[in-house]
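What follows is each chain in one-letter form.
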Amino acid sequence: MNKGPQVSASSSDFEGMSASRDRKFYLVGGKGGVGKTSLAASLAVKFANNGHSTLLVSTDPAHSLSDSLAVDVTGGKPVLVEGTDLPLCAIELDPEEAREEFRAFSEANDTAEGVQNFLGSVGLGGIYDSLVDLKLGELLDTPPPGLDEAVAISKVVQITKDPKYASFTRIVFDTAPTGHTLRLLSLPDFLEASLGKVMALRKKVFGAASAVKNLFGASEGQQDVAERKLEELKASVKEVRDLFRDQSQTEFIIATIPTVMAANESMRLLKELKNEKIACKRMIINQLLPPTQEDGVGITPEAMKVLAEMDATDGTHLQAYCRFCDNKRKDQQRAMALIRGDSGGLQDLNQVEAPLFDLEIRGVPALRFFGDQVWN
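Rules used throughout
- Residues numbered from 1 in each chain as written.
- Predicted model: local features only at pLDDT ≥ 70, side-chain atom pairs only at ≥ 80, totals over all residues.
- Heavy atoms only, no water.
- Helix = DSSP H or I, 4+ residues; strand = E, 2+ residues; numbered from the N terminus.
- Buried < 20%, exposed > 50% of the residue type's maximum accessible area, 1.4 Å probe, protein only.
- Contact = heavy atoms within 4.5 Å.
- Axes fitted to C-alpha atoms, helices over the stretch in contact; angles between N-to-C directions.
- Parallel < 35°, antiparallel > 145°, perpendicular 65-115°, else oblique.
- Nonpolar A, V, L, I, M, F, W, Y, C, P; charged D, E, K, R; others polar.
- Pairing = 2+ DSSP bridges.
- Arc of directions from axis to C-beta.
- Expected span 1.5 Å × (residues − 1).
- Phe/Tyr/Trp six-rings, centres within 6.5 Å; stacked < 30°, edge-to-face > 60°.
- Lys NZ or Arg CZ within 6 Å of the ring centre and 35° of its normal.

(A) Inspection of the overall build of the protein at higher detail. Along its length, the protein carries 15 helices and eight strands. Counting across all 376 residues of the protein, residues that qualify as buried make up 49%. Restricting to contacts in the protein with at least 6 residues of sequence separation, those with at least 24 account for 80%.

Right under this line is the structure:
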C-alpha cells in the first residue's frame, strides 16, 4: 500500500485519549462525504490495539461501516471484528426501527380518536372541539426530527449497561451528518412538552366526566402504561443528552475536508456544540494532497519538464494532471487559511491533518495503517 503523503500535522494526542481506564465516548461527526466512517473506524481499531476493548457504532441511516470494516455488522447487535489485539465489536443501528416503534405506539394509543368517541357516547361531544388545539394526534403520528438517532444511541447506552459488554472502555460513534446529530439534542424538551399535553388532555376529560371508565378508548390502567412508556422514552433520551454534555466522559471530534464549504459548516457545527456545552477539542482535516515544494504549493517548471520527458505522449497528460493537482492544492490552501484564521473557533482546536491516499481504506489492516497516520 502507498504510505501516503507526509503532511505537516498537529498531534492528535492519542496517548491522552487512551490514558484513562474509565469509559469514554467519542463521536466523530461533520459534513457528509468527509470520511467520518473511515476516521471513526480507524480510531476504534487504534483503541483496540492500545489496551481498550472497544465498541464501534454507526447511527448514520446511510450505513457504510460494514463496507469500511469489510465485515457484516448489520442486524442491530454487536459483532466481533477480528484482527485487533483486544476485542473490537461493531454495530450498525437502524434508525428506521425507532420510527416504526413510535408509529406502533401511536397506533396502539390513538388518544384523539378515543377521546372523541367517548365524549360523543356520553353526550359531551362539544368538549372535544376545545381539545383540538392539543393536536395530540399529529403529535403521535409524526416522529419528531432527531428521534431516530436519539433512540438508536439510547439503545447503545442500554447495551453498555449489559454485564456482557461491561468491559468496553471506549465507545466510538460514526454519526449521521451534522443536522441529525444536533437535532437530537432538542428532543428531551420536545418530549417534555408532549407528555405535558397528554397529562393536560387527561385532566380535562376527567374534569368533564367523572365517571370515565374507558379513557382514550382503553382502560385507565392501560392508559397509565402508555404514559409510563412516554416517561421511559423521555428519560432514555434525556440520558443521552446528559451523556453528550458530560465533558469528563464524552468528546465530539469534528471531521472535515479542506474546502471552503466544509470549513464553513465546521464553524457552524462548533458554535452549536459550544451552545450545547459539548466538549470538542479536536478537528481532523481529511484528504489533504501532499505538498510538492517547501511552501507546500505549486509545481516547478523543472519538475514539469522532467514529467514531460517521462511521458511517451510528450507530456500532455502528465502536464494536465499536474495542473489539476496544483490547482487543487491551491484550493485546499485557501480553505486551510480560512480554518486557521477562525479566531475563537476552529483555530483553537487541535487541528490534525490526514493525507489523501491513492487506495481505498477498507478492512482492519488498512484501517490500522490509516489510524497510525492520523491518530499519532
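Once you've had a look at it, read on.
(B) Structural context of the packing of helix H2 (residues 36-48) against helix H15 (residues 364-374). Relative to each other, H2 and H15 sit at 90 degrees, their axes nearing to 8 Å. One way to sum up the angle between H2 and H15 is to call them roughly perpendicular. Residues Ser38, Leu39, Ala41, Ser42, Val45 and Lys46 of H2 form the contact with H15, whose own contacting residues are Val364, Leu367, Arg368, Phe370, Gly371, Asp372 and Val374. Looking at the contact of H2 with H15 residue by residue, the classes come out as seven nonpolar, three polar and three charged.

(C) Region of the structure containing the sheet that holds strand S8 (residues 350-355). The strand order S3-S4-S2-S5-S1-S6-S7-S8 describes an open sheet built from eight strands, whose pairing is mixed. Strands with a single pairing partner mark the edges of an open sheet, and in this sheet they are strand S3 (79-81) and S8. In this sheet, adjacent strand axes meet at a mean angle of 25 degrees when their direction is disregarded. Direction of pairing for strand S6 (residues 250-256) relative to strand S7 (residues 282-288): parallel, over a ladder of four bridges. In the strand pairing of S7, isoleucine 254 is matched with methionine 283. Seen against the sheet, H2 touches strand S1 (24-30), strand S2 (54-58), strand S4 (88-92), strand S5 (170-174), S6 and S7 and runs at an angle of roughly 170 degrees to S5. Each of S1, S6 and S7 touches helix H12 (residues 260-275); the most contacted strand, S6, lies at about 165 degrees to it.

(D) Representation of H15 in the model. Looking at H15, one finds that the buried residues are Val364, Ala366, Leu367, Phe370, Gly371 and Val374. The buried residues of H15 occupy one face: seen down the axis, they fall within an arc of 150 degrees. Contacts from the buried residues of H15 go to H2, helix H3 (65-69), S3, S7 and S8.

(E) Spotlight on the environment of alanine 90. Along the chain, the position of alanine 90 falls in strand S4. Sequence separation of alanine 90 and valine 73 is 17 residues, and the distance between their C-alpha atoms is 6.0 Å. If near-sequence neighbours (up to four positions away) are discounted, alanine 90 is found in contact with Leu55, Leu56, Leu65, Leu69, Val73, Lys77, Pro78, Val79 and Val81.

(F) Region of interest: unusual backbone geometry. Residues other than glycine seldom take positive phi values, yet lysine 277 does so here, at roughly 60 degrees. Topologically, lysine 277 is positioned in the loop between H12 and S7. Even without a glycine there, the phi angle at glutamine 287 is positive, about 70 degrees.

(G) Main features of H12. For H12, built from 16 residues, the straight-helix expectation of 22 Å at 1.5 Å per residue is met to within 8% by its first-to-last C-alpha distance of 23 Å. Just downstream of H12 lies lysine 277, where phi reads positive at about 60 degrees.

(H) How the structure looks around the packing of aromatic side chains. Under the counting rule described, the total for this entry stands at six aromatic pairs. Three or more aromatic residues joined by ring pairs make a cluster, and in this case those are Phe14, Tyr26 and Phe47. Sitting over the face of the ring of phenylalanine 14, lysine 46 holds its NZ or CZ atom 5.4 Å from the ring centroid. Lying across the ring of phenylalanine 47, arginine 170 places its NZ or CZ 5.5 Å from the centre.

(I) Focus on the pairing of S8. The buried fraction of S8 amounts to five of the six residues, a majority that puts the element mostly inside the structure. Pairing of S7 with S8 involves five bridges; the strand directions are parallel. Among the inter-strand pairings, leucine 288 is bridged to a residue of S8, identified as proline 355.

(J) The environment of valine 45, seen in detail. Looking at where valine 45 falls in the secondary structure, it is placed in helix H2. C-alpha of valine 45 to C-alpha of leucine 55: the two residues are 10 residues apart in sequence and 9.7 Å apart in space. Apart from the residues lying within four places of it in its own chain, the contact partners of valine 45 are Thr84, Leu88, Val364, Leu367 and Arg368.

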